[in-house]
Amino acid sequence: MNRKKHSSQFCLFIYWLSFYAAVQAPYREGDVILGGLLTVHLRGTSEDQCGELDTNGLARVLAMIFAIEKINNDSKLLSNVTLGYDIRDYCETIPKATRITCDLVKDKCFTNITQSKKGKKSIMALIGPGESNAAVVIAGCLQMLNVFGISATATSPELSSYAYNHLYRTVPSDKFRAKAMADIIEHFKWSYVAAVGRDDSYGRNGLWSLVKEAATRKNSFCVAMTEFIPHEDRFLSIRNIVTTLRRQENIRVVILWLYGSYERHFLLKSIDKTSLVESGS
């Protein structure tokens, strides 16, 4: 019993230490500073508020810190050069992501040299953001300031444009995801599906890629219903969309182009039968 108790306490300590390292101490000096524009918290009820902890985002912060420390400890990789990092949490909000990006590259925004030497060093490159809608805005800033960035999860086909050639991605465009989803739909012979996405670059381009893919396959399946969740009143919109889907007896499969707080709230409402009954009354 004591062994289990100590093991549990040790796990809690490690989790707390990881959280502290990622949220409270996200900066390290170095010869070259890499910026991190990551989501540690989900979006709150307003643009200026952060919501609950995003464990996936926390894992990305720790992965970035681990990778940089690993490089610094290997003299064969970057001899006589130390990498530093400046990692910020933008809580899934574009205005906050934009402000953070300007702060990270502040030296390039100042024409007065004396001003540029104030505070922390500017970054040489940016890791993030993770969402396509934020990436579209941030990529424009990076292009203007001649700073390069890498996003591991921004998948909107819009980002394949030459206008965003300062942002690199480690994942393919959603055009390929649409093809894969179409293959799955055909494999299981789902002839009648619905599609729900965020009303942003990620959701719109993702769903339209699926609709176009259905057309190229001579309508082997029908996207009978497409719904987009707007930025404003998103919780009410999700509730109304889920209610509408439950009333469509022919629809048994729903394709989601959602993530973060949108995805979590949609899934919660989908299994919350009580709230759906109330919303339909």
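Residues numbered from 1 in each chain as written. Predicted model: local features only at pLDDT ≥ 70, side-chain atom pairs only at ≥ 80, totals over all residues. Heavy atoms only, no water.

Caption draft 1: Representation of the overall build of the chain in the model. A count of helical and extended segments in the chain gives 11 helices and 11 strands. Within the chain, the fraction of its 281 residues that count as buried is 40%. Taking the intrachain contacts of the chain between residues at least 6 apart in sequence as the baseline, contacts between residues at least 24 apart amount to 64%. Summed over all atoms, the accessible surface of the chain reaches about 15,900 Å², with 57% contributed by carbon and sulfur. (Helix = DSSP H or I, 4+ residues; strand = E, 2+ residues; numbered from the N terminus. Buried < 20%, exposed > 50% of the residue type's maximum accessible area, 1.4 Å probe, protein only. Contact = heavy atoms within 4.5 Å. Areas by Shrake-Rupley, 256 points an atom, 1.4 Å probe, with all protein chains shown as cover.)

Caption draft 2: Spotlight on the environment of Arg 88. You can see Arg 88 is positioned in strand S5 (residues 83-89). Taking the C-alpha atoms as reference, Arg 88 lies 9.1 Å from Val 61; in sequence the two are 27 residues apart. The residues contacting Arg 88, other than those within four sequence positions of it, are Gly 36, Leu 37, Leu 38, Ile 100, Asp 103 and Leu 104. Reaching out from Arg 88, the side chain makes a polar contact with the side chain of Asp 103 at a distance of 3.0 Å. (Polar contact = N/O pair within 3.5 Å; in protein donor to acceptor, adjacent residues only side chain to side chain.)

Caption draft 3: Fine view of the pattern of salt bridges. Tallied over the entire structure, the rule returns 11 salt bridges. Close ionic contact of Asp 103 with Arg 88 constitutes a salt bridge, the shortest N to O distance being 3.0 Å. Pair noted here: Asp 103 is in helix H3 (residues 94-104) and Arg 88 is in strand S5, with a separation of 15 residues, a long-range link. Given the relative accessible area of 32%, Asp 103 is considered partly exposed. For Glu 186, the salt bridge goes to Arg 217, with nearest N and O atoms at 2.8 Å. Here Glu 186, found in helix H7 (residues 174-187), pairs with Arg 217, found in the loop between helix H8 (201-216) and strand S10 (222-229); they are 31 residues apart in sequence, far enough to count as distant. (Salt bridge = Lys/Arg side-chain N within 4 Å of Asp/Glu carboxyl O.)

Caption draft 4: Seen up close, the confidence of the model for the chain. When pLDDT is averaged along the chain, the result is 81; 82% of the residues meet or exceed 70. Segment residues 111-118 is flagged for pLDDT under 50; beyond a separation of four residues in sequence, or across chains, it makes four contacts in the model. (pLDDT = per-residue confidence, 0-100.)

Caption draft 5: Quick peek at the state of the cysteines. Taken as a whole, this structure holds one disulfide when the rule is applied. Between Cys 50 and Cys 91 runs a disulfide, and the two sulfur atoms are separated by 1.9 Å. The sign of the 80° torsion about the S-S bond sets the Cys 50-Cys 91 disulfide as right-handed. Here the residue Cys 50 occupies a position in strand S4 (residues 50-53), and Cys 91 occupies one in the loop between S5 and H3, the gap between them amounting to 41 residues. The class of Cys 91 is buried, set by a relative accessible area of 0%. This cysteine, Cys 141, is not joined by any disulfide, and Cys 102 carries the nearest cysteine sulfur, 5.4 Å off. (Disulfide = S-S within 2.5 Å.)

Caption draft 6: Here's a closer look at the nonpolar core. Ranked by internal contacts, the top residues of the largest apolar core, which has 21 residues, are Leu 37, Leu 126 and Leu 159. Elements represented by at least two residues in this core include exactly strand S2 (32-38), H3 and helix H6 (132-145). Ranked by the residues each element gives to this core, the list is headed by H6, at seven residues. Once residues within four sequence positions are removed from consideration, Leu 126 is found in contact with Gly 35, Gly 36, Leu 37, Leu 104, Ile 138, Leu 142, Phe 148, Gly 149 and Ile 150. Formed by 15 residues, the second largest nonpolar core is a distinct cluster that contains Val 193, Tyr 202, Ala 214 and Val 223. (Core = buried A, V, L, I, M, F, W, Y, C linked by side-chain atoms within 4.5 Å.)

Caption draft 7: Inspection of the packing of H3 against H6 at higher detail. Direction vectors running N to C along H3 and H6 enclose 25°, while the axes themselves pass 10 Å from each other. Judged on the interaxial angle alone, H6 and H3 are roughly parallel. The chirality of how H3 crosses H6 is right-handed. When H3 is examined against H6, the residues Ile 94, Ala 97, Thr 98 and Thr 101 are found in contact with a partner set consisting of Asn 133, Ala 134, Val 137, Ile 138 and Leu 142. Its residues assigned to classes, the contact of H3 with H6 shows six nonpolar, three polar and no charged. (Axes fitted to C-alpha atoms, helices over the stretch in contact; angles between N-to-C directions. Parallel < 35°, antiparallel > 145°, perpendicular 65-115°, else oblique. Left-handed = near helix turned anticlockwise from the far one by under 90°. Nonpolar A, V, L, I, M, F, W, Y, C, P; charged D, E, K, R; others polar.)

Caption draft 8: Main features of the pairing of S5. Burial analysis of S5 places seven of its seven residues in the buried class, which makes it a mostly covered element. Every second residue of S5 is oriented toward a common face, with Leu 83, Tyr 85, Ile 87 and Asp 89 on one face and Gly 84, Asp 86 and Arg 88 on the other, all of them buried. Where S2 and S5 come together, seven bridges link them in parallel fashion. When the bridges of S5 are listed, Val 32 appears paired with Leu 83. (Pairing = 2+ DSSP bridges.)

Caption draft 9: Main features of the sheet that holds strand S11 (residues 253-257). With parallel pairing, the three strands of this open sheet are ordered in space as S10-S9-S11. The open sheet terminates on both sides in strands that have one partner only, identified here as S10 and S11. In this sheet, adjacent strand axes meet at a mean angle of 20° when their direction is disregarded. Relative to S10, strand S9 (residues 192-198) runs parallel, the two sharing seven bridges.

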